[in-house]
Amino acid sequence: MESQQQPAGTGQRYTMSWTAYVRPVIVLLIMFGLGYALTNVNGWLGGIFMVFWLGLFIVQILTIRSTVLYTDDQGVWVYSGIFPWSKGMRGVKWRDVEDAVYFPNFLSWLLKSYTVRIGHRFTKSSEIVLPHIARGHDAVMHINDFHHNVLAASPAGSMA
């Protein structure tokens with residue numbers, strides 16, 4: 001389920017951790033090293049190469065900053081995008097949530113940055129999988145608690 005609207009009055013919000021920025025920074029440093037080497041061969045070519053990778057880096061950083069996992073009365077949603085054609089949200093309604101899990105290991109525990117998966121009861125392709133969620137373990141506990149409360153509050157046979 002996708003929508004173009006940005007989240008307004010939402011419940012809990014979880015954003016990407018600082019660890020999501022590590023890969024783009026490393027790639028930028030490597031590409032700037034290659035661009036510097038290219039400037040020795042052809043100055044214009046090296047300059048264009050470095051400007052291209054700097055632009056791509058800025059787009060990646062803004063996209064990471066725009067990604068938000070949040071809950072509301074309707075379900076669990078992810079909002080992301082910086083360009084008009086890429087902005088939007090997708091998610092899973094509470095009636096279709098199977099469960100939420102995170103994948104712990106030593107590094108994710110140490111950095112408090114987890115990969116979070118919100119399962120869809122019927123379709124694997126509709127589930128939400130987000131790496132590098134800050135406090136992802138808290139997000140999973142919140143989603144599972146909220147889902148349990150929604151199930152307990154709904155009349156038997158119909159869920160919101």
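Our subject is the structure listed above.
Here we summarise the structure given alongside this text. Please read these numbers as outputs of a predicted model, since none were measured by experiment.

Rules and cut-offs
- Residues numbered from 1 in each chain as written.
- Predicted model: local features only at pLDDT ≥ 70, side-chain atom pairs only at ≥ 80, totals over all residues.
- Heavy atoms only, no water.
- Helix = DSSP H or I, 4+ residues; strand = E, 2+ residues; numbered from the N terminus.
- Rg over C-alpha atoms; globule rule 2.2 N^0.38 Å.
- Buried < 20%, exposed > 50% of the residue type's maximum accessible area, 1.4 Å probe, protein only.
- Contact = heavy atoms within 4.5 Å.
- Expected span 1.5 Å × (residues − 1).
- Axes fitted to C-alpha atoms, helices over the stretch in contact; angles between N-to-C directions.
- Parallel < 35°, antiparallel > 145°, perpendicular 65-115°, else oblique.
- Salt bridge = Lys/Arg side-chain N within 4 Å of Asp/Glu carboxyl O.
- Phe/Tyr/Trp six-rings, centres within 6.5 Å; stacked < 30°, edge-to-face > 60°.
- Polar contact = N/O pair within 3.5 Å; in protein donor to acceptor, adjacent residues only side chain to side chain.

Digging into the overall build of the chain
Here's step 1: Along its length, the chain carries 4 helices and 8 strands.
Here's step 2: Each helix (α) and strand (β) of the chain, taken in turn from the N terminus, gives the series β-β-α-α-β-β-β-β-α-β-β-α.
Here's step 3: A compact globule built from 160 residues would reach a C-alpha radius of gyration of about 15 Å, whereas the chain, at 20 Å, exceeds it by more than 25%.
Here's step 4: Dimensions of the chain along its principal axes, counting C-alpha atoms only, are 70 × 40 × 25 Å.
Here's step 5: Taking all 160 residues of the chain together, the buried fraction comes to 35%.
Here's step 6: Considering only intrachain contacts with a sequence separation of at least 6, the fraction spanning at least 24 residues in the chain is 51%.

A closer look at helix H4 (residues 136-153)
Here's step 1: With 18 residues, H4 should cover 26 Å at 1.5 Å per step; its first-to-last C-alpha distance of 25 Å lies within 8% of that length.
Here's step 2: Along H4, the residues that are buried comprise Gly136, His137, Ala139, Val140, His142, Ile143, His147 and Val150.
Here's step 3: Residues of H4 that are buried sit in contact with strand E2 (13-15), strand E3 (68-71), strand E4 (75-80), strand E6 (97-103), strand E7 (113-120) and strand E8 (128-134).

A few points about the packing of helix H1 (residues 22-41) against helix H2 (residues 43-66)
Here's step 1: Interaxial distance between H1 and H2 falls to 7 Å at its minimum, and their mutual angle equals 170°. By the angle class used here, H1 and H2 are roughly antiparallel. Judged by residue contacts, Pro24, Val25, Val27, Leu28, Met31, Phe32, Leu34, Gly35, Tyr36, Leu38, Thr39 and Val41 of H1 engage Gly43, Leu45, Gly46, Gly47, Phe49, Met50, Trp53, Leu54, Phe57, Gln60, Ile61 and Ile64 from H2.

Overview of the pattern of salt bridges
Here's step 1: Under the definition given, this model contains 4 salt bridges.
Here's step 2: A salt bridge links Arg117 to Glu127, with the shortest nitrogen-to-oxygen separation between them at 3.0 Å. Within this pair, whereas Arg117 is found in strand E7, its partner Glu127 is found in the loop between E7 and E8, the two being separated by 10 residues in sequence. Like Arg117, the residue Glu127 is buried in the burial classification.
Here's step 3: Ionic pairing is found between Arg135 and Asp138, a salt bridge with its closest N-O pair at 3.7 Å.
Here's step 4: Judged by relative accessible area, which is 40%, Arg135 ranks as partly exposed.
Here's step 5: A single salt-bridge network, built from bridges that share partners, covers Asp99, Arg117 and Glu127.

Quick look at the side chain of Ser66
Here's step 1: Among the secondary structure elements, Ser66 is positioned in helix H2.
Here's step 2: For Ser66, a relative accessible area of 15% puts it in the buried group.
Here's step 3: Excluding residues within four positions of it along the chain, Ser66 makes contact with Tyr79, Ser80, Gly81 and Ile82.

Some remarks on the packing of aromatic side chains
How two aromatic rings sit relative to each other is given by the distance of their centres and the angle of their planes.
Here's step 1: Inspection of the entire model under this criterion finds 6 aromatic pairs.
Here's step 2: Ring geometry for Trp94 against Phe146: centres 4.9 Å apart, planes inclined by 10°, an arrangement best described as stacked. Of this pair, Trp94 sits in the loop between strand E5 (88-93) and E6 while Phe146 sits in helix H4, placing them 52 residues apart in sequence.
Here's step 3: Given a relative accessible area of 24%, Phe146 falls into the partly exposed group.

What about H2?
Here's step 1: Helix length check: H2, at 24 residues, gives a terminal C-alpha distance of 35 Å against a target of 34 Å (1.5 Å per residue), a fit within 8%.
Here's step 2: Residues of H2 that are buried include every one of Gly46, Phe57, Ile61, Ile64 and Ser66, and no others.
Here's step 3: Where the residues of H2 are buried, they touch H1, E3 and E4.
Here's step 4: The backbone nitrogen of Trp44 has a side-chain oxygen 3.2 Å away, supplied by the residue at the start of H2, namely Asn42.

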